[in-house]
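Structural features, examined
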Amino acid sequence: MLGAFLSGLTVTCAAALFTAGCVILARRSTRYPSTAPQRVPALGGFEPETHAWSRFHVRYYPMALLFIAFEMEMMFMYPWAVVFVEEGVTALVEMGMFLAILAVGVVYGWREGAFRWQ
Amino acid sequence: MPVFAAAGVGGWGQTQELRGVPELRLVTTPRHASVLLVTGTVPEAHLVAVQRVHDQVPHPRAVVTWRAAGTAKRMPGATYVTGDAAAVVTAVQRAWSALEADPWSTAVDQLPDVEPNEWRGIGPFGQGGEGMMGGTPYGRPMAMTGDDPDGLALDELRLTLGPFLDALPAGLVLDVVLQGEVLREATLRLDALGGTAADATLPSEPSSAMARSGLRWLAHALHVEGLDALAARAAALASRVTGATDRAALSRHADALMRRVRRTGVLRNLHDVGVVPGSGDAAHRWRERMDAIVCALRDNQMPDALEPTRLDTARDLLADALPGSTLTAAISTIVSLDVGGARFGAGTLR
Amino acid sequence: MSDVVSLSPMLGVAVIGGTLAIGAYGVVVIDRLLYAAVAGWPLSLAWAAAQPAREVATVIRRQPVTTEAPDMILWVLAPAAYAGLAATALSVVPLGPGVVVADVRTGIVVFGAAEALAIVAIFLHGWAPNSPLPMIAGYRFVGVALSYELLSMFVLIAAALPAESLSIGAIVESQQGLWNVVRQPLGLPLFLVVTAGVTFTGPLDIVDANDIAGGGAAEDSGMAHLAWAAARAAMLVAFAAAAAAVFLGGWIGPVLPGAMWMALKTLAVVVTVLAGRHLLARVRPERFVRLAWTVLLPLAFLDLAIAGAGSL
């Protein structure tokens, strides 16, 4: 089992290192340094007034919170999936109740406009 | 071959038709291109913009100008083409092969290598500013806050989009103030386009020219909505309209294309986007234009729906319609209005 | 899982690297062919296969442009992480009967983790150049990603129910009688939505979209752009392979060897996703978020219920 994880990790690192290596090599070995006009963000010809990085106001904060509620619940579903057939109907009913409670959250969020951006 | 097209006055429509040419691949940003294609006449006010776009094309690069008499002089080393689309393909192919053979044969930069602002050596780390506010860290100021309708003070990004932004109809320059991805202000710049007088003198076109400019609009609009392959089909159709002997076959092709477009869900996606007094939402405008194209091809009619939105009208409409919408919706709205299409798209270049 | 052939790490690197590289090139060729078919151009396999090779040859010599004050470390790391995660995702998928590079018992957990981390890589790729359009693309992508992410978890867990295991190998074994695509009919369509999302293809091309000049990749040039495009194609291969294993019975099939069936099924999924790219318009982000939470999520619940009732 540990060996399997080691294989997975090796493969991941190899792919990442290869990709990073190619990009770094290309950036290091280019014969053309970027000039100031080249470095201007591509917006179709004119320059932006400020840096792009700023306190960006995303419109989906409530949706993100709702997402966290579900994502936590996934942790419980993994072991539940393995023992599901053993436990039978009890497991189905239990998860049904759990999801129903979470679904109430979605319905509430929907009513409050959590999925609208403007 | 990856080509970035910068279209000046009169060049935009023919540029759209290049989407139907298998040999060329029109890319969305100069960074992805090998060849810069300048078409039409670039207004004096946009000259620095086209030079910046030129410099933003990574080395090794080549420049091809297509019937851009005024601009060609400003593009040293550019290949000047006057023929039809086939001549452009040949020129681009030749330029690309030359780059492959000799990567050093690149078009030299046009703008001086000067930082936008003095910043080196200023501040404790030489980063260009001191304290929390002020200065130009690394060459540019940071975003400042502005009020939003909910009473919050949010950072504002002030950008000028265009005139060579792939998604905007050619030559349009849009000044926007963004908070997050929502537009607070949007102003269409008309100065460089010769103001509103430009489209007051539009000649009335025969139905085939109307259909052609409609199909050019459709090619660009489909591209913006992510349907490049269908855009290629619309563009190829557009290039066959003028002088076509079998109009019935063309209108059948157009009909099939419109059916395919309707099945992509693009109209459902544009439902309730860009609602403008008098012309409904973007989906409505798409539907009208698509019907009108088929009509113009089949019955030789000249439907009003194919009239592009006049620039002065568009400026007022957009100033009302865009604030409060997302950037995504704003671009779709502008595209659906066919702003400036008349000035830039119609007819052929001389 | 007694008869599983676990590959040594070095062999694993060769297998995954080869599969991803060949697969990614195949993805580009198929995409060109489908493009030509929809555009009404003459179909030529030779043209579709040669064109990308020629472009690659020039793109690696092209200058990688930087922007003003970018976060260069993240700009390099984003495609690296994305490619690495594609390899992670593929490593837990069995490529033939019992042949899996990383035979972990918690395969779908690892797969889900790779999928979730890919969101981070995609966002950072938009954020790193310090340029407005890529940054906006990154932020609007995250909203969409948080919406499709749940679907994948639900459909993968639903597939794990009859297998009584989180291992993808076991999920394939559990489909000996009947494939999951029939047993849990909602699973595959929902997983294809997720695939389109993670690889930002077609209707879910929210991040590298045409309406904002290529979005997250708008500032990439040369090798940086190639690395990102290749990683994206590799991710599609990994997700298509997973879809083939989890919903289409993986290596199970008559006559042909198992690995061949796996390749054919993966190919079918790739063609489906890429056809969607050319035939479906990009959906507005806010519209997809609403759709995902109010329509697709209940469908995922239903999928879980069908799977649960079916495997009792």
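Refer to the structure presented above.
Everything numeric here is computed off the predicted structure, so don't read it as measured data. (Residues numbered from 1 in each chain as written. Chains lettered and ligands numbered in written order. Predicted model: local features only at pLDDT ≥ 70, side-chain atom pairs only at ≥ 80, totals over all residues. Heavy atoms only, no water.)

1. A few points about a negative patch on the surface
Keep this limit in mind: Only residues whose relative accessible area exceeds 30% and that form no salt bridge enter a patch; like-charged residues are grouped when within 9 Å of one another, and nonpolar side chains (Val, Leu, Ile, Met, Phe, Trp, Tyr) when within 5 Å. Methods summary: accessible areas were calculated by the Shrake-Rupley approach with a probe of 1.4 Å, and residue burial reflects only the protein chains presented. Salt bridges are identified by distance alone: a Lys or Arg side-chain nitrogen within 4 Å of an Asp or Glu carboxyl oxygen. Only four residue types enter the tally: Lys and Arg on the positive side, Asp and Glu on the negative side; His and the chain ends are excluded. Each charge is placed at NZ for Lys, CZ for Arg, CG for Asp and CD for Glu. In DSSP terms, a helix is any run of H or I states spanning at least four residues, a strand is any run of E spanning at least two, and both are numbered starting from the N terminus. Relative accessible area decides the class of each residue, using a 1.4 Å probe on protein chains only: under 20% of the type maximum gives buried, over 50% gives exposed, and in between gives partly exposed.
A contiguous patch of negative charge on the surface is contributed by Glu 86, Glu 87 and Glu 94 of chain A together with Glu 164 of chain C. With respect to the secondary-structure elements, Glu 164 of chain C resides in the loop between helix H5 (132–163) and helix H6 (168–173). The exposure class assigned to Glu 164 of chain C is partly exposed, which follows from its relative accessible area of 34%.

2. Considering the side chain of Thr 201 of chain C
As a reminder, the rule being used: Two residues qualify as a contact provided that any one of their heavy atoms is within 4.5 Å of a heavy atom in the partner residue.
Counting through the fold element by element, Thr 201 of chain C comes out in the loop between helix H8 (187–198) and helix H9 (223–247). Setting aside chain neighbours within four positions, we find Thr 201 of chain C in contact with Ala 196, Arg 232, Val 273, Leu 274 and Arg 277 of chain C.

3. Comments concerning the interface of chain A and chain C
Our working rule: By convention, the term buried area covers the 1.4 Å-probe accessible surface removed from two parts as they join, with the contributions of both added. Gly is placed with the polar residues, together with every amino acid not listed as nonpolar (Ala, Val, Leu, Ile, Met, Phe, Trp, Tyr, Cys and Pro) or charged (Asp, Glu, Lys and Arg).
Opposite the 60 residues of chain A that make contact, chain C presents 75 residues. Summed over both sides, the interface of chain A with chain C buries roughly 6,200 Å², with 76% coming from carbon and sulfur. With 17 residues, the single largest contributor to the side of chain A that touches chain C is helix H1 (residues 2–29) of chain A. Its residues placed into classes, the side of chain A that touches chain C shows 45 nonpolar, 11 polar and four charged.

4. Side note on the sheet that holds strand E2 (residues 25–26) of chain B
Residue and element names in this part refer to chain B. The test is simple: Paired strands, as defined in this entry, are two strands with at least two bridges between them according to DSSP. Here, axes are lines fitted to C-alpha atoms. For helices the fit covers the stretch in contact, and angles between N-to-C directions go from 0 to 180 degrees.
Here we have five strands laid out as an open sheet, ordered E2-E1-E3-E4-E5, and parallel in their pairing. One side of each edge strand has no neighbouring strand; the edge strands of this open sheet are E2 and strand E5 (79–81). Across five bridges, the pairing between strand E3 (residues 35–39) and strand E4 (residues 62–66) is parallel. Residue pairing across strands places Val 35 opposite Ala 62, the latter belonging to E4. Along the sheet, helix H4 (residues 85–101) makes contact with strand E1 (2–7), E3, E4 and E5, crossing E4 at roughly 165°.

5. Remarks on the environment of Phe 154 of chain C
In this fold, Phe 154 of chain C is placed in helix H5. With 145 residues separating them in the primary sequence, Phe 154 of chain C and Leu 299 of chain C have C-alpha atoms 9.8 Å apart. Not counting the four nearest positions on each side in its chain, Phe 154 of chain C is found in contact with Phe 70, Glu 73, Met 74, Met 77 and Leu 99 of chain A together with Leu 297, Ala 300, Phe 301 and Leu 304 of chain C.

6. What about the interface of chain B and chain C?
Note the threshold: Pairs of N or O atoms are called polar contacts if they sit within 3.5 Å, as long as, within protein, a hydrogen donor faces a hydrogen acceptor (for residues adjacent in sequence, only side-chain-to-side-chain pairs).
Facing the 56 residues of chain B at the interface are 44 residues of chain C. Both sides together, the interface formed by chain B and chain C hides about 4,200 Å², and carbon and sulfur atoms give 54% of it. At the surface where chain B touches chain C, the tally comes to four salt bridges. We note a salt bridge from Arg 54 of chain C to Glu 100 of chain B, for which the minimum N-O separation is 3.0 Å. Remark: the boundary between chain B and chain C carries 24 residue pairs in polar contact (both at pLDDT 80 or more). For the side of chain B that touches chain C, the elements supplying multiple residues, two or more each, are H4, strand E8 (157–161), helix H5 (207–224), helix H6 (228–241), helix H7 (247–263), helix H8 (266–269) and helix H11 (327–337) of chain B. If you tally residues by element for the side of chain B that touches chain C, the top one is H6 of chain B, at five residues.

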